[in-house]
Amino acid sequence: MEQEFKQGYRMHRILSNLNRLDVDRLDDADRERVETARDLLEEVSLLTRPGDGAGVDAHADS
């Protein structure tokens with residue numbers, strides 16, 4: 001279970017870092033790459049959550 005928490009935390013950190021990027025300063029191609037990465041990571045995050053919703057809030061923002 002601890003391994004799942006670590007993986008979920010890493011996923012959350014990556015998404016947080018992508019969300020913090022100042023996409024207005026990126027060119028169109030890089031902006032599209034960031035959006036694609038965000039979408040894919042969010043899909044994976046949804047797919048890997050337990051079915052009963054347990055652990056959905058098991059990460060910390062920093």
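See above for the structure.
Residues numbered from 1 in each chain as written. Predicted model: local features only at pLDDT ≥ 70, side-chain atom pairs only at ≥ 80, totals over all residues. Heavy atoms only, no water.

A count of helices and strands for the protein gives 2 helices and 0 strands. Going through the 62 residues of the protein one by one, you find that 16% of them count as buried. Here the protein has roughly 5,000 Å² of accessible surface; of this, 52% comes from carbon and sulfur atoms. (Helix = DSSP H or I, 4+ residues; strand = E, 2+ residues; numbered from the N terminus. Buried < 20%, exposed > 50% of the residue type's maximum accessible area, 1.4 Å probe, protein only. Areas by Shrake-Rupley, 256 points an atom, 1.4 Å probe, with all protein chains shown as cover.)

This paragraph deals with the nonpolar core. M11, L15, L18, V23, V34 and L41 form the largest nonpolar core, which has 6 residues in total. Taken together, the elements giving at least two residues each to this core come down to α1 (2-20) and α2 (28-48). Apart from residues lying up to four places away in sequence, L18 is in contact with V34, A37, R38 and L41. (Core = buried A, V, L, I, M, F, W, Y, C linked by side-chain atoms within 4.5 Å. Contact = heavy atoms within 4.5 Å.)

Residue placement: V34 occurs in helix α2. Expressed as a C-alpha distance, the spacing of V34 and V23, which sit 11 residues apart in the sequence, is 8.0 Å. Setting aside its immediate chain neighbours within four residues, V34 contacts L18, L21, V23 and L26.

Turning our attention to α1. For α1, with 19 residues, the first-to-last C-alpha span of 27 Å sits near the 27 Å given by 1.5 Å per residue. Residues of α1 that are buried include every one of M11, H12, L15, S16 and L18, and no others. For α1, the buried positions fall inside an angular range of 160 degrees around the axis, keeping them on one side. (Expected span 1.5 Å × (residues − 1). Arc of directions from axis to C-beta.)

Before going further, it helps to spend a moment on the pattern of salt bridges. Scanning the model with the defined rule gives 3 salt bridges in all. Close ionic contact of R31 with D28 constitutes a salt bridge, the shortest N to O distance being 3.1 Å. Taken together, the residues span about one helical turn, with R31 and D28 both in helix α2 at a distance of 3 residues. On the accessibility criterion, D28 (57% relative accessible area) is exposed. With its nearest N and O atoms 2.6 Å apart, the salt bridge here joins R33 to D30. You can see R33 and its partner D30 sitting in helix α2, 3 residues apart, about one turn around the helix. (Salt bridge = Lys/Arg side-chain N within 4 Å of Asp/Glu carboxyl O.)

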